[in-house]
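Structural overview for review
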Amino acid sequence: MRMTIEQRPFGKTKAGETVTCYTLRDGGAEAEILTYGGAIRSLRVAAAEGVRDVALGFDSIEAYENQDKFIGALIGRVANRIGGARFTLDGVTYRLPANDGANCLHGGPDGFDKRVWSANTQSGVLSLSLFSPDGDAGFPGNLSVGVDYSLEGGALHIRYVGRCGMSTPLNLTNHCYFNLSGHSAGTIDGHSIQILADAVTEVDAGLIPTGKLLDVAGTPYDLRSPKTIGSFMFDDNFVLSREPQIEPRLAAVLESGGLRMECLTTEPGLQFYSGNFLNGDVGKGGAVYGRRSGLCLETQFWPDAVNHPDFPSCILRDGAVYVGETVYRFSQY
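Computed from a prediction, not measured in an experiment: that's the story for all the values here. (Residues numbered from 1 in each chain as written. Predicted model: local features only at pLDDT ≥ 70, side-chain atom pairs only at ≥ 80, totals over all residues. Heavy atoms only, no water.)

1. Examining unusual backbone geometry
In the segment running from G76 into R77, the intervening peptide bond is cis, with an omega of 5 degrees. Residue placement: R77 occurs in the loop between β6 (74-75) and β7 (81-82). Located in the positive-phi region is N80, a residue other than glycine, with phi close to 70 degrees. Relative to the helices and strands, N80 resides in the loop between β6 and β7. Among the residues examined, N80 registers a relative accessible area of 3% and is labelled buried. (Helix = DSSP H or I, 4+ residues; strand = E, 2+ residues; numbered from the N terminus. Buried < 20%, exposed > 50% of the residue type's maximum accessible area, 1.4 Å probe, protein only.)

In structure tokens form, the structure reads like this:
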């Protein structure tokens with residue numbers, strides 16, 4: 001069955017911008033994507049009972065604007081944390097808005113997750129685009145970003161492309177919260193997870209990397225073989241590689257309720273976040289998203305890479321093209 005895309009209005013933002021919901025369908029799979037924040041609103045996949053929605057989301061644009069957990073959204077310019085909300089590039093120090101203590105988190109308080117993206121569809125692909133001008137949230141350069149969403153063979157594909165007129169940091173990801181038992185099923189504590197990483201980046205009390213890598217052996221971070229998540233609080237970058245890859249490769253496997261999700265990516269890091277700070281937002285159909293109602297597998301460059309020259313570089317140089325790809329592939333077991 002060829003993938004189809006439909007669209008419908010999803011209301012207006014407080015600023016009066018029109019938001020559209022696009023529905024991608026491929027066989028038994030269906031994904032809803034909003035132009036607000038490029039957010040994954042729902043992700044329905046084949047399950048024993050028929051179909052199951054495994055992504056947390058909301059029923060109104062007002063709910064998206066009022067929440068502060070980045071639910072479902074595209075993140076930029078720089079995902080994760082930048083220590084001290086500042087960095088130096090080519091001898092110039094850039095100061096950013098601090099929205100996580102003294103640090104800049106996910107591009108600042110007005111990041112890409114709060115923008116209305118332009119959209120077009122072609123050959124079964126939803127293409128979102130955004131222009132971020134020089135000085136946006138303190139970052140240098142006129143940046144053009146494109147993100148393609150597509151469904152194929154029970155897998156959601158996300159492809160990122162970026163171009164800038166001067167050198168700038170760029171680290172794009174998606175902040176979808178998954179619960180494979182269903183978006184309204186409760187906590188993710190009983191999920192099984194495997195992450196194919198030998199190390200994590202050590203962090204300080206503010207979750208800023210110290211520069212050291214910690215071997216996962218003998219620690220709760222040793223997820224190289226499947227483990228039940230339990231109540232341990234994860235918010236950590238798992239080291240997948242020292243540089244981006246050309247083709248997506250398997251990074252993690254998640255299982256619960258008869259569903260398996262494989263995460264494949266070209267990125268060198270994977271932030272596993274167990275939803276520790278979800279605090280009761282009312283989601284789709286009245287579902288209450290309490291603590292640990294969903295988890296995130298955010299494919300990315302390592303946190304605070306702009307301030308660690310020995311980390312894989314997230315600097316997009318003038319004339320270069322940023323390309324990244326992540327796949328979330330579903331099956332039953």
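We are not done yet, so read on.
2. Section: the pairing of strand β1 (residues 4-12)
Across 7 bridges, β1 lies against strand β2 (residues 18-26) in antiparallel orientation. Within the sheet, the bridge partner assigned to R8 lies in β2 and is C21. Between β1 and β2, which follow one another and run antiparallel, lie 5 residues, and G16 among them has a positive phi close to 90 degrees. (Pairing = 2+ DSSP bridges.)

3. A look at the packing of aromatic side chains
Summed over all chains, the structure comprises 16 aromatic pairs. Plain terms: the ring middles of F234 and F272 are 4.7 Å apart, the flat faces sit at 25 degrees to each other, and that makes the pair stacked. Here the residue F234 occupies a position in the loop between β20 (227-228) and β21 (235-239), and F272 occupies one in strand β24 (residues 269-273), the gap between them amounting to 38 residues. As far as the burial class goes, F234 and F272 line up, both buried. Their ring planes at 45 degrees and their centres at 6.5 Å tell us that F301 and Y322 sit as a pair that is tilted. In this pair, F301 is assigned in the loop between β27 (296-300) and β28 (315-316) and Y322 in strand β29 (residues 322-332), connecting sequence segments 21 residues apart. As far as burial versus exposure is concerned, F301 and Y322 are alike and both buried. Put simply, the rings of Y221, F232, F234, F238 and F272 pair up and form one aromatic cluster. (Phe/Tyr/Trp six-rings, centres within 6.5 Å; stacked < 30°, edge-to-face > 60°.)

4. Looking at the nonpolar core
Core analysis: the largest hydrophobic core is formed by 74 residues, its most contacted members being I40, L43, Y149, I195, F272, L297 and F330. A total of 5 residues in this core trace back to one element, the largest contributor, which is strand β13 (residues 143-152). Among all residues touching F272, those that are not within four sequence positions of it are I193, I195, L223, I229, F234, D235, D236, F238, L295, C296 and L297. (Core = buried A, V, L, I, M, F, W, Y, C linked by side-chain atoms within 4.5 Å. Contact = heavy atoms within 4.5 Å.)

5. Side note on the environment of T299
Among the structural elements, T299 can be located in strand β27. The exposure class assigned to T299 is buried, which follows from its relative accessible area of 1%. Along the backbone, T299 and G269 are 30 residues apart, and their C-alpha atoms lie at a distance of 5.9 Å. Those residues in contact with T299, other than ones at most four positions away along the chain, are L172, T173, C263, T265, E267, G269, L270 and T326. A polar contact is formed between the side chain of T299 and the side chain of T326, at a distance of 2.6 Å. (Polar contact = N/O pair within 3.5 Å; in protein donor to acceptor, adjacent residues only side chain to side chain.)

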